[in-house]
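One letter stands for each residue in the lines below.
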Amino acid sequence: MPSWNQILAEMVQAKDNGSKSALDDVRKKYITRLHEHTGRNVICYYSAFMKNGSLPHLGINDNDKNSLMATVHEMDFSKGLDLIMHTPGGSVTAAESIIHYLNEVFDGDVRAIIPQAAFSAGTMIACGCKSIVMGKQSSLGPFDPHLGNYSCHNIIDELEEISGRIKDAPHEAMLWRPILEKLDPTLYLQCKHSIDLATSIVEHWLQKVMLKEVENKEEIARSITSKLNKTSHTKDHSRHIHIHDAEEMGLIIERLEEDQDLQDLVLSVHHSYMILIGESHVTKIVENQIGATQIMVAN
């Protein structure tokens, strides 16, 4: 299995041999080889969120759909799509639009490949695919919505707890008043609507695509979303959900280690992107096997 150091050494060797774009040449070589191995289209969707989380445009947003449209152009849609993702998440509604678009274009034949991490709205996109390819090192994450830096679930739970305490002990109302006075009047409903929206999106796509041939798909979809969109289960929005947990939830998981050639190629692609991000100002890149590339860089 190629390591990060081996891919870096290959890039250095390519440069020494006269390549003027060794980072690109080695990366694109492995994307092409992955496509040849699977016979499927490949789109790599990478964010630099692990390099510097304060950079702009790291998360999933509506601009990403334009990048995906550009990389989908001129593909043979009958070959399906392998979407390789490395993302911190982002906009729930942008994720919904992206997975709707890709499933429409590829007629539901979209497979998510997670070499390392796809969190939050990235997990929502993965749940909208027909299967998720994960290795022992791969992680998904909860998609419980946040308003600002605060979990919608936690806001609701705290408000309901405060309400209950005031009901049982009215004299405590003055203790909670400074906190309650700072809250937006619509905050409670905003949180409930955000939670309901994320749940409905994931349940819909699980039933329509990933679980469409599974018996009791409605029940399984509800169970999956109740685990991924409930802080009482996951405890923390940054919780890493590994392959065994994903399988136990009922998600359709393909184990990367079961195809050694696939594992080698996926990890070679992944290491190539991580080196590119580490050696450049790239904040996000969307790229396919036929050479179309959309790049965002930090100003």
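Scroll up to find the structure.
Residues numbered from 1 in each chain as written. Predicted model: local features only at pLDDT ≥ 70, side-chain atom pairs only at ≥ 80, totals over all residues. Heavy atoms only, no water.

Draft legend 1. A look at the overall build of the chain. Of regular secondary structure, the chain possesses 12 helices and 11 strands. Computed over C-alpha atoms, the radius of gyration of the chain comes to 21 Å, within 12% of the 19 Å expected from 2.2 N^0.38 for 299 residues, which places it in the range of a compact globule. Based on the C-alpha atoms only, the size of the chain along its principal axes is roughly 80 × 45 × 30 Å. Long-range contacts, defined as pairs at least 24 residues apart, comprise 73% of the intrachain contacts of the chain with a sequence gap of at least 6. Of the roughly 14500 Å² of accessible surface on the chain, a fraction of 50% belongs to carbon and sulfur atoms. Averaging the coordinates of the 28 positive side-chain charges in the chain and doing the same for the 41 negative ones gives two points 2 Å apart. (Helix = DSSP H or I, 4+ residues; strand = E, 2+ residues; numbered from the N terminus. Rg over C-alpha atoms; globule rule 2.2 N^0.38 Å. Contact = heavy atoms within 4.5 Å. Areas by Shrake-Rupley, 256 points an atom, 1.4 Å probe, with all protein chains shown as cover. Lys, Arg positive; Asp, Glu negative; His and termini not counted. Charge placed at Lys NZ, Arg CZ, Asp CG, Glu CD.)

Draft legend 2. Quick look at the side chain of Ser19. Relative to the helices and strands, Ser19 is located in the loop between helix 1 (4-16) and helix 2 (22-38). In this structure the side chain of Ser19 is engaged in a polar contact, spanning 3.3 Å, whose partner is the backbone nitrogen of Ser21. A distance of 2.5 Å separates polar atoms of two side chains, one belonging to Ser19 and the other to Asp25. (Polar contact = N/O pair within 3.5 Å; in protein donor to acceptor, adjacent residues only side chain to side chain.)

Draft legend 3. Examining the sheet that holds strand 3 (residues 110-114) more closely. Read from one edge of the open sheet, seven strands run 9-5-3-2-1-10-11, paired in mixed fashion. Whereas interior strands pair on both sides, the edge strands pair on one side only; in this sheet they are strand 9 (253-255) and strand 11 (293-297). Mean inter-strand twist for the sheet, computed between neighbouring axes without regard to direction, equals 15 degrees. In this structure, strand 2 (residues 81-86) lies alongside strand 3, joined through four bridges in parallel fashion. Following the sheet pairing, Leu83 is matched in strand 3 by Ala112. The strands touched by helix 12 (residues 260-279) are strand 1 (41-47), strand 2, strand 3 and strand 10 (282-288); relative to strand 1, the strand with the most contacts, the crossing angle is about 35 degrees. (Pairing = 2+ DSSP bridges. Axes fitted to C-alpha atoms, helices over the stretch in contact; angles between N-to-C directions.)

Draft legend 4. Structural view of the packing of helix 3 (residues 63-72) against helix 4 (residues 92-105). Orientation of helix 3 relative to helix 4, taken along the N-to-C sense of each, is 15 degrees, at an axis distance of 10 Å. Judged by the inter-axis angle, helix 3 sits roughly parallel to helix 4. Crossing of helix 3 against helix 4: the hand is right-handed. Contacts between helix 3 and helix 4 involve Asp64, Lys65, Leu68, Met69 and Val72 from the first element and Ser97, Ile98, Tyr101, Leu102 and Val105 from the second. Residue classes in the contact of helix 3 with helix 4 are distributed as seven nonpolar, one polar and two charged. (Parallel < 35°, antiparallel > 145°, perpendicular 65-115°, else oblique. Left-handed = near helix turned anticlockwise from the far one by under 90°. Nonpolar A, V, L, I, M, F, W, Y, C, P; charged D, E, K, R; others polar.)

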